[in-house]
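Each chain, written out:
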Amino acid sequence: MTALWIAVIIAALGTYLLKLAGMSLPESVLNHPTVRRVAHYLPIAMLAALVTVQLADGGGHWAVNWRTLVAVAAAIVMLLLKRGFLTVFLTAIVVCALLQLVPGP
């Protein structure tokens, strides 16, 4: 078994245990103001991380893709409209996918 597969298995197990812990938490913990604040800003942090990954080409250069920027703008609009986590991501995904059909420069 390669190191990559070991890392994938550890990440999958860790994700499963984290989800299990989240479902096992009592409601008093979930209603704590700090937890609610973190949950409120989590979509913004996830979106920023995804955009950063998309803009980095892996060779130490930044590859600015106008489609990605437009998709981020659409997601920001959804955040300003106070839409849910899933709606924000689906909007960005759909906008970026549709823009892939448009011939670019």
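Everything numeric here is computed off the predicted structure, so don't read it as measured data.

Caption draft 1: Seen up close, the overall build of the protein. Summing up its helical and strand segments, the protein has five helices and zero strands in all. When the elements of the protein are put in sequence order from the N terminus, they spell out α-α-α-α-α. Once the C-alpha set of the protein is aligned to its principal axes, its extents read approximately 50 × 45 × 25 Å. Per-residue burial for the protein yields a buried fraction of 16% across its 105 residues. Just so you have it, the protein exposes about 8,200 Å², and 75% of that area is on carbon and sulfur atoms.

Caption draft 2: Local environment of the packing of aromatic side chains. Inspection of every chain in the model, using the stated rule, returns one aromatic pair. Taking 4.9 Å as the distance between ring centres and 70 degrees as the angle between the ring planes, the aromatic pair formed by F85 and F89 counts as edge-to-face. In this pair, F85 and F89 both sit in helix α5 (residues 85-99), four residues apart, roughly one turn of the helix.

Caption draft 3: Structural context of a nonpolar patch on the surface. Together, M1, L4, W5, I6, V8, I9 and I10 give the surface a local cluster of nonpolar side chains, amounting to about 790 Å² of exposed area. Examined against the element boundaries, V8 turns out to sit in helix α1 (residues 3-24). On the basis of relative accessibility, which here comes to 41%, the residue V8 falls in the partly exposed class.

Caption draft 4: Fine view of helix α3 (residues 33-55). If you check α3, its first and last C-alpha atoms are 34 Å apart, about what 23 residues at 1.5 Å a residue would give, namely 33 Å. Along α3, the helix axis deviates most sharply at Y41, where the bend reaches about 40 degrees; the proline P43 sits within four residues downstream. Listing the buried residues of α3 in full gives P43, L47, V51 and L55. Contacts made by the buried residues of α3 are with α4 (66-80) and α5.

Caption draft 5: Broad picture of the nonpolar core. Ranked by size, the top nonpolar core spans 11 residues in total: L47, V51, L55, A71, V72, A75, M78, V88, F89, A92 and C96. Taken together, the elements giving at least two residues each to this core come down to α3, α4 and α5. When residues no more than four places from it in sequence are discounted, the contact partners of M78 are R83, T87, V88 and T91.

The rules behind these values
- Residues numbered from 1 in each chain as written.
- Predicted model: local features only at pLDDT ≥ 70, side-chain atom pairs only at ≥ 80, totals over all residues.
- Heavy atoms only, no water.
- Helix = DSSP H or I, 4+ residues; strand = E, 2+ residues; numbered from the N terminus.
- Buried < 20%, exposed > 50% of the residue type's maximum accessible area, 1.4 Å probe, protein only.
- Areas by Shrake-Rupley, 256 points an atom, 1.4 Å probe, with all protein chains shown as cover.
- Phe/Tyr/Trp six-rings, centres within 6.5 Å; stacked < 30°, edge-to-face > 60°.
- Patch = residues over 30% accessible without salt bridge, like charges linked within 9 Å, V, L, I, M, F, W, Y side chains within 5 Å.
- Salt bridge = Lys/Arg side-chain N within 4 Å of Asp/Glu carboxyl O.
- Expected span 1.5 Å × (residues − 1).
- Bend = angle between axes of the 7 residues up to and from the residue.
- Contact = heavy atoms within 4.5 Å.
- Core = buried A, V, L, I, M, F, W, Y, C linked by side-chain atoms within 4.5 Å.

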